[in-house]
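As a plain string of letters, each chain reads:
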Amino acid sequence: MLDSAAFVARLNHALASGERTIPVLLLRLPEFAEFAWRDGKRSAQRIERATTRAFSAAASRVVRDRDLLAHDVGSDWFCVAMLTPARGAGSYATIDARTALERICATMSLETGRRMESGWSIVEGPLAETTFAHVREQALERGARERERYEFLATVGHELRTPLTSIRGYIETLLDDDIDPQTSRRFLETARREALRLTRLVEGILDFSMLDLRAPDKSSECDLTSVARAAIEALVPIARDAGVKLEGEFDGPVRARIDADACMHVLLNVVENGIKYGGRPGIVRVHFERQDPFVALFVDDNGDGVAESDAERIFSYGERVQATSQAAGRGVGLSIVRTIVERAGGAVRVEPSALGGARFCIDFVLAKAEPVPVPS
Ligand code: ADP
């Protein structure tokens, strides 16, 4: 195992001898500093030695003869430079790097029982020891972005279900019930609108997976009232089947600084949750209040509500509350809601509702107001 000075020297030598690009894999033990601070230096050193052994063992199954392993004693990172040309005919260096990284990371986590951060980068020119620190940072950033994108893609699959359920609900009603021509036309129009939205969602899957990486479009605006009306209409079949009454109280147009599709996504999620987790018979009420420079959207229901201790947790990816776990769901809808709302400069929280259940409060930035700084 090399230290960073020897590692950088060997990389530079390889580059000087004609190597054009070298994939570098990075693994990091994120809790290392905390161990040292909490349990003392000796205990941190023990953990470091065990992690180093796990790294050597895991990497030895993946690396080839010319690849290099590096770690500085007392540091939290472990590194591999893939100097042996790409494995297998026709394989690309990046695919190779990702596969190798995943294998090392999985084996290390299994063996140490600790979470590892990982990422990779490509070195193309001579390195100084200071730029090596930068390469390590870049690699970890790239790893984090790749994981976000992967999780988002998985999440969007779940989100395609809402428009499908709504379309099916309208079609089944049209087939089963005796409905006057005017109402059936309205149902068909709603179903078509949801089908169009479904198409947009499918087409935009890649865009959605990039949601966390792109700067939000600050010029987008929409009228919250018409989006809320459309969301309620789309959910009427689901609400009716569940015995839930949907109510919207709107005074007129309210323009907010958010893209209409993204806003529709947020509303559908929160209102559908109100139906799903609301009382039986249930009531879900949607209304807005202007609170310059925001407009607050409130979605109230009469279900069991969300305990204060769960109020933060339910917005995390994959989190659900035990008591509601019998209802179909995967605990990803609200994490998307929070991402979309925060990207548009707003905020979302849950509190007790006067109706007895949960009140979801979503602040959108009013369109006429100055833009509020968006977290990058
Ligand atoms: P899903 O509904 O698919 O589980 P969400 O991310 O939409 O995922 O919701 C996460 C969790 O938050 C739900 O599983 C449920 O426990 C809780 N929750 C959401 N909305 C409500 C609500 N209106 N009333 C009570 N609990 C809710």
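You'll find the structure just up there.
Residues numbered from 1 in each chain as written. Predicted model: local features only at pLDDT ≥ 70, side-chain atom pairs only at ≥ 80, totals over all residues. Heavy atoms only, no water.

Chemist: Would you explain the pairing of strand β4 (residues 117–123) in this entry?
Modeler: Looking along a regular strand, one sees side chains alternate from face to face of the sheet. Burial within β4 is extensive, with 5 of its 7 residues counted as buried. Pairing geometry for strand β1 (residues 22–28) and β4, over 7 bridges, is antiparallel. For L25, the partnering residue across the bridge sits in β4 and is W120. (Buried < 20%, exposed > 50% of the residue type's maximum accessible area, 1.4 Å probe, protein only. Helix = DSSP H or I, 4+ residues; strand = E, 2+ residues; numbered from the N terminus. Pairing = 2+ DSSP bridges.)

Chemist: Could you clarify how one ought to interpret the sheet that holds strand β10 (residues 347–352) in this entry?
Modeler: Two pairing modes exist for strands in a sheet, parallel and antiparallel, and in both the strands are linked by backbone hydrogen bonds. The strand order across the open sheet built from 5 strands is β6-β8-β9-β11-β10, with neighbouring strands paired in mixed fashion. Two strands close off the open sheet at either side, each with one partner strand: β6 (244–249) and β10. Averaged over all pairs of adjacent strands, the angle between strand axes in this sheet comes to 20 degrees, irrespective of strand direction. Sheet analysis places strand β8 (residues 282–291) next to strand β9 (residues 294–301), joined by 8 bridges and oriented antiparallel. When the sheet's bridge partners are listed, R290 is paired in β9 with V295. (Axes fitted to C-alpha atoms, helices over the stretch in contact; angles between N-to-C directions.)

Chemist: Is there a simple way to explain the packing of helix α10 (residues 260–277) against helix α11 (residues 333–343) in this structure?
Modeler: Any two packed helices are characterised by how steeply their axes cross, that is the angle between the axes, and by the distance between the axes. In contact at an axis separation of 9 Å, α10 and α11 are set at 145 degrees when each is read in the N-to-C sense. The hand of the α10/α11 crossing is left-handed. Across the interface between the two elements, A262, H265, V266, N269, V270 and N273 of α10 pack against G333, L334, I336, V337, I340 and V341 of α11. Within the contact of α10 with α11, the residues separate by chemical class into 8 nonpolar, 4 polar and no charged. (Left-handed = near helix turned anticlockwise from the far one by under 90°. Contact = heavy atoms within 4.5 Å. Nonpolar A, V, L, I, M, F, W, Y, C, P; charged D, E, K, R; others polar.)

Chemist: I keep staring at the sheet that holds β4 and nothing clicks. Help me out?
Modeler: Spatially, β2-β3-β1-β4 is the arrangement adopted by the 4 strands of the open sheet, whose pairing is antiparallel. Where the open sheet ends on each side, the last strands, each with one partner, are β2 (68–70) and β4. Each adjacent strand pair in this sheet contributes to an overall mean axis angle of 20 degrees, direction not counted. Seen against the sheet, helix α3 (residues 41–60) touches β1, β2 and β3 (77–81) and runs at an angle of roughly 20 degrees to β3.

Chemist: Teacher, can you tell me more about the pairing of β10 here?
Modeler: Taken together, the 6 bridges between β10 and strand β11 (residues 358–365) define a ladder with antiparallel strand orientation. Looking at β11, one finds that E351 is bridged to R359. The loop that links β10 with its antiparallel partner β11 comprises 5 residues; one of these, G356, has a positive phi angle of about 110 degrees.

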